[in-house]
Amino acid sequence: MIKTQTQDSTPSFLEYKGRFKGLMGWIFSTDHKRIGLLYLYSMLVFFSIAAILGLMMKLELMAPGKTIMGAQTYNSFFTLHGITMIFLIVVPGLPAVFGNFFLPIMIGAKDVAFPKLNLISWWIYIVGALIALSAQFFGDGPPDTGWTFYAPYSFRTGTNMLPAVTGAFVLGFSSIVTGINFIVTMHRMRAPGMNWMRLPLFPWALYGTSWIQVLATPIVGVTLLMVVLERTLQIGFFDPALGGDPILYQHLFWIYSHPAVYIMILPAMGVISEIIPTFARKTIFGYTAIVISTLAIAFVGYFVWGHHMFTSGMSGVALYTFSILTFLVAIPSAIKIFNWVATLHKASIDMQTPFLWALCFLFVFMIGGLSGMVLGALSANVHLHDTAFVVAHFHYIVFGGTGFAFFAALHYWYPKMFGRMYDKSWANIGLAIFFTGFNTLYLPMFYLGMIGMPRRYYDYVDKFHGPNIISSLGAMFMIVGLIIVITNLVRSARHGVIAEKDPWKGKTLEWTVASPPSLENFEEIPTVTDHPYNYD
Amino acid sequence: MTDNTHIDEHRDDEGAKTGMWIFIFTELLLFGGLFIVYSVYRYLNPMAFHLAAQELDTFIGTVNTVILLVSSMTIAMAITSIQLKNKKLTLILMGVTILLAVVFMVNKYFEWTGKISHGIFPGSEILHQSSQGEILFFGLYYAMTGLHALHIIVGVGFIGYVMWLVKTDDVKHDDYVILENSALYWHLVDLIWIFLFPLFYLIT
């Protein structure tokens, strides 16, 4: 399958000198590790912008009435915050950064199946991001629809919707290309002996994710295309004046965007499944159950989109069906939680930073998941729909789930990616502040939602004031934690202690190669003879 | 390709074809979104769709269907002829495929301009006075056949690029997976038309 010419591959991929030097050596490199880091750096930039927007919104909500911005600015802030966080960071996040970097290494390959396509997908990502963000700077003012682009407002509003929607459409391509690439890589490039049941769980999670990316993204692509056509050519799709049905837009949008939630969370679960056995020094409990539940989530996740629309107008039968299916999809997630906890039982646990992040993930993810069950219940949903409760719930899932897993992965694989170790005590301090701030920020929002505070308003009545102050203070606390965590990582990339090959005593293939890995990862393609987490 | 990446001589025809097939799935789902919209609105406005469909010229539609089917055949024959090491015939067959695609687009052009000259286009006065179902029908007609035409153009570009590769012997009798992939893509374009044709022209 792979013919290899002998060459000296001692220099790491960071030092390797190719045809281009400096920046060009990165942005035209088809090395999966460099592409992974390109994604990481681009996301860090976008994430900082979106996080600052989030902080400003929380500052606005510090007191009733206009605090630091007016209604229109607030609307465009939550739109941009949503578009950036969802389409630029959380959806591509783990697969594009850690999937690119570690998938080939973990299955014992030298690169992904289509390295050039891989580079192209990063370029598409950057182009899409620039198009989406350009909406802010010219035209008739920044978009104000929220990240969901609901019809009919998305083609009636006078603001600059076109670039935002087109950008999201282009980003979909990047997602699809990455998905195809990963699927083919896993089918064709596993090392000898690496059969499916010896695949580590992060690649397994990426496999499920890739199928969702490939099968669900085109639907949102064509839906956004219809919005574009509706705005530019006045072709009636969703405009009631032209015979269209706005509810149909919501269906089409959520047919993608609900599975997209599993694009966000499956790789996160994969990361946690890697970290827990490593620091527990124990084989993961119920490997097969985790694999099956991954595939079950990917499958059932397609059939629950209606739970975003319980108050939009659907038949009773449809409501009950979607509600039941929503409860069903919680089962595989719970199976995973039980498996992780069971792995920790009677283990000799090594309390390192990545493991602490994973534990925090378990905590916030369970709050997020259980509050999702509240929203999945029809009667409760009518009360809580479009309130701060929903915002709290999905931040616990998306930020608490994917975000915590992202930082867990970053701390876990950092020594492998950069060949250096970060300062562990600062990392732990940062995590502690971040975790406290996170919960102080979002827990009051559950309460606010229950007493009726709607989402997406810059203003509120006086009785919501108290919890909002706590929440805004939490936001500031969380940002401080974030700054400590990121500063520590950035600083250590240059000044950290040189890392060993296997600092955590991991058993998967990425810990058998040098830190940072050489250009071709392996001197010789390894032969796999055993399960991935064999600590016996 | 840059030097700082692959020293590997990596060739995996099976993998390349798998990738193409998955991409074809995504294309089908892309059109699938439009097919759902079509079926929902047809269900809601059966009479208006019936009336509007009678405006379309079944003759041109049929001719275009035959053209695409024949072009799918010629591109498939091009694969057989490259396997038989007949480079000249391969190039002729691919050229015929592109020619047929161009004829399809010319027909499409006359069909669209005909409609537009009768005042039937999105946002037009005449359409504005029609029923909502008719507005939806023609909106979908322009969007779906337009998106399909865009795929024809991409397909022509793809096949044209592969023709150049055949000419420079980069695609040979023992290494022709990209030709197969371009043919797969072309069959997809053909297949989508096979569904569009009855939906717009035949069901009245």
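Everything below is about the structure printed above this text.
Residues numbered from 1 in each chain as written. Chains lettered and ligands numbered in written order. Predicted model: local features only at pLDDT ≥ 70, side-chain atom pairs only at ≥ 80, totals over all residues. Heavy atoms only, no water.

Below, the discussion takes up the overall build of chain A. Each helix and strand in chain A was counted, giving 16 helices and three strands. For chain A, whose C-alpha radius of gyration is 23 Å, the value lies close to the compact-globule estimate of 24 Å for 536 residues. Seen along its three principal axes, the alpha-carbon backbone of chain A occupies a region of about 65 × 50 × 45 Å. Burial status across chain A gives 63% buried among its 536 residues. Relative to all contacts within chain A whose residues are 6 or more apart in sequence, the contacts with residues 24 or more apart total 82%. As displayed, chain A has an accessible area near 19300 Å², and 69% of this comes from carbon and sulfur atoms. Looking at charge distribution, chain A has the averaged site of its 30 positive side-chain charges lying 5 Å from that of its 24 negative ones. (Helix = DSSP H or I, 4+ residues; strand = E, 2+ residues; numbered from the N terminus. Rg over C-alpha atoms; globule rule 2.2 N^0.38 Å. Buried < 20%, exposed > 50% of the residue type's maximum accessible area, 1.4 Å probe, protein only. Contact = heavy atoms within 4.5 Å. Areas by Shrake-Rupley, 256 points an atom, 1.4 Å probe, with all protein chains shown as cover. Lys, Arg positive; Asp, Glu negative; His and termini not counted. Charge placed at Lys NZ, Arg CZ, Asp CG, Glu CD.)

This part covers a nonpolar patch on the surface. All names here are of chain B. Where nonpolar side chains cluster on the molecular surface, the patch consists of Phe25, Leu28, Leu69, Leu191, Ile194 and Phe195 and spans about 510 Å² of accessible area. Take leucine 191: it is sitting in helix α7 (residues 177–202). A relative accessible area of 38% places leucine 191 in the partly exposed class. (Patch = residues over 30% accessible without salt bridge, like charges linked within 9 Å, V, L, I, M, F, W, Y side chains within 5 Å. Salt bridge = Lys/Arg side-chain N within 4 Å of Asp/Glu carboxyl O.)

On to the pattern of salt bridges, then. All names here are of chain A. Scanning the model with the defined rule gives nine salt bridges over all chains in all. Between aspartate 350 and arginine 281 there is a salt bridge; the shortest N-O distance is 3.0 Å. Placement of the pair is aspartate 350 in the loop between α11 (316–344) and α12 (353–376) and arginine 281 in the loop between α9 (246–280) and α10 (287–300), with a sequence separation of 69 residues. Accessibility expressed as a relative area gives 25% for aspartate 350, which makes it partly exposed. A salt bridge links arginine 455 to aspartate 386, with the nearest nitrogen and oxygen atoms 3.5 Å apart. With arginine 455 in the loop between α15 (424–450) and α16 (465–495) and aspartate 386 in the loop between α13 (378–384) and α14 (388–418), this pair connects stretches of sequence that are 69 residues apart. For aspartate 386, a relative accessible area of 40% gives the class partly exposed.

Another point: the packing of helix α3 (residues 58–83) of chain B against α7 of chain B. All names here are of chain B. Two numbers describe how α3 lies on α7: the axes approach to 10 Å, and their chain directions differ by 165°. Put simply, α3 runs roughly antiparallel to α7. With respect to the hand of their crossing, α3 and α7 are arranged in left-handed fashion. Its residues placed into classes, the contact of α3 with α7 shows 16 nonpolar, eight polar and two charged. (Axes fitted to C-alpha atoms, helices over the stretch in contact; angles between N-to-C directions. Parallel < 35°, antiparallel > 145°, perpendicular 65-115°, else oblique. Left-handed = near helix turned anticlockwise from the far one by under 90°. Nonpolar A, V, L, I, M, F, W, Y, C, P; charged D, E, K, R; others polar.)

Turning to helix α4 (residues 93–106) of chain A, a few remarks are in order. All names here are of chain A. Under the 1.5 Å per step criterion, the end-to-end length of α4 is 18 Å for 14 residues, consistent within 8% with the ideal 20 Å. The sharpest bend along α4 measures roughly 55° and falls at glycine 99. Of all the 14 residues making up α4, 14 are buried; the element is thus mostly covered by neighbouring parts of the structure. Just downstream of α4, glycine 108 is the residue with a positive phi angle, here 75°. (Expected span 1.5 Å × (residues − 1). Bend = angle between axes of the 7 residues up to and from the residue.)

At the junction of the two partners, chain A supplies 55 residues and chain B supplies 38 residues. Between chain A and chain B, the buried area comes to about 3900 Å², and carbon and sulfur atoms account for 68% of it. Ranking the residues of chain A by area buried against chain B places Arg19, Arg188 and Leu242 of chain A at the top, with a combined share of 12%. On the surface where chain A and chain B come into contact, there are one salt bridge. The shortest N-O distance in the salt bridge between aspartate 12 of chain B and arginine 188 of chain A comes to 2.9 Å. Counting only elements with at least two residues in the side of chain A that touches chain B, the list comes to β1 (2–3), α5 (115–134), α7 (161–188), α8 (201–233) and α9 of chain A. Take the side of chain A that touches chain B: its biggest share by element is eleven residues, from α8 of chain A. The class makeup of the residues in the side of chain A that touches chain B is 32 nonpolar, twelve polar and eleven charged. (Buried area = accessible area lost by both parts, 1.4 Å probe.)

A word on the environment of glutamate 523 of chain A. The topology assignment puts glutamate 523 of chain A in the segment after β3 (497–498). For the pair formed by glutamate 523 of chain A and methionine 476 of chain A, sequence separation is 47 residues and the distance between their alpha carbons is 47 Å.

What follows deals with the packing of aromatic side chains. Residue and element names in this part refer to chain A. Scanning the entire structure with this criterion turns up 71 aromatic pairs over all chains. Consider the rings of phenylalanine 279 and phenylalanine 355, whose centres lie 6.2 Å apart with planes at 45°: the pair is tilted. Residue phenylalanine 279 is found in helix α9, and its partner phenylalanine 355 is found in helix α12; the two are separated by 76 residues along the sequence. Residue phenylalanine 279 shares its accessibility class with phenylalanine 355, and that shared class is buried. Seen from the ring of tryptophan 26, arginine 34 lies directly overhead, with NZ or CZ sitting 4.6 Å from the centre. (Phe/Tyr/Trp six-rings, centres within 6.5 Å; stacked < 30°, edge-to-face > 60°. Lys NZ or Arg CZ within 6 Å of the ring centre and 35° of its normal.)

Next up on the list: the packing of helix α4 (residues 87–117) of chain B against helix α6 (residues 132–167) of chain B. Residues and elements named next belong to chain B. The interhelical angle for the contact between α4 and α6, taken along N-to-C directions, is 160°, at an axis separation of 10 Å. Classed by the angle they form, the pair α4 and α6 counts as roughly antiparallel. The handedness of the crossing between α4 and α6 is left-handed. Within the contact of α4 with α6, the residues separate by chemical class into 19 nonpolar, seven polar and five charged.

Below, the discussion takes up the side chain of serine 76 of chain A. Residue and element names in this part refer to chain A. For serine 76, the location among the structural elements is in helix α3 (residues 71–90). Residue serine 76 is classed as buried on the basis of its relative accessible area of 6%. Aside from chain neighbours lying at most four places away, what touches serine 76 is Pro142, Pro143 and Asp144.

In this structure, proline 152 of chain A follows alanine 151 of chain A across a cis peptide bond, with omega equal to 0°. Here proline 152 of chain A lies in the loop between α5 and α6 (153–156). Cis geometry marks the peptide bond from serine 515 of chain A to proline 516 of chain A, where omega comes out at -15°. In this model, glutamine 234 of chain A sits at a positive phi of 55°, which is unusual for a non-glycine residue. Overall, glutamine 234 of chain A belongs to the partly exposed group, its relative accessible area being 47%. In the Ramachandran plot, aspartate 169 of chain B falls in the positive-phi region, its phi being about 65° despite a non-glycine side chain. Mapped onto the fold, aspartate 169 of chain B is located in the loop between α6 and α7.

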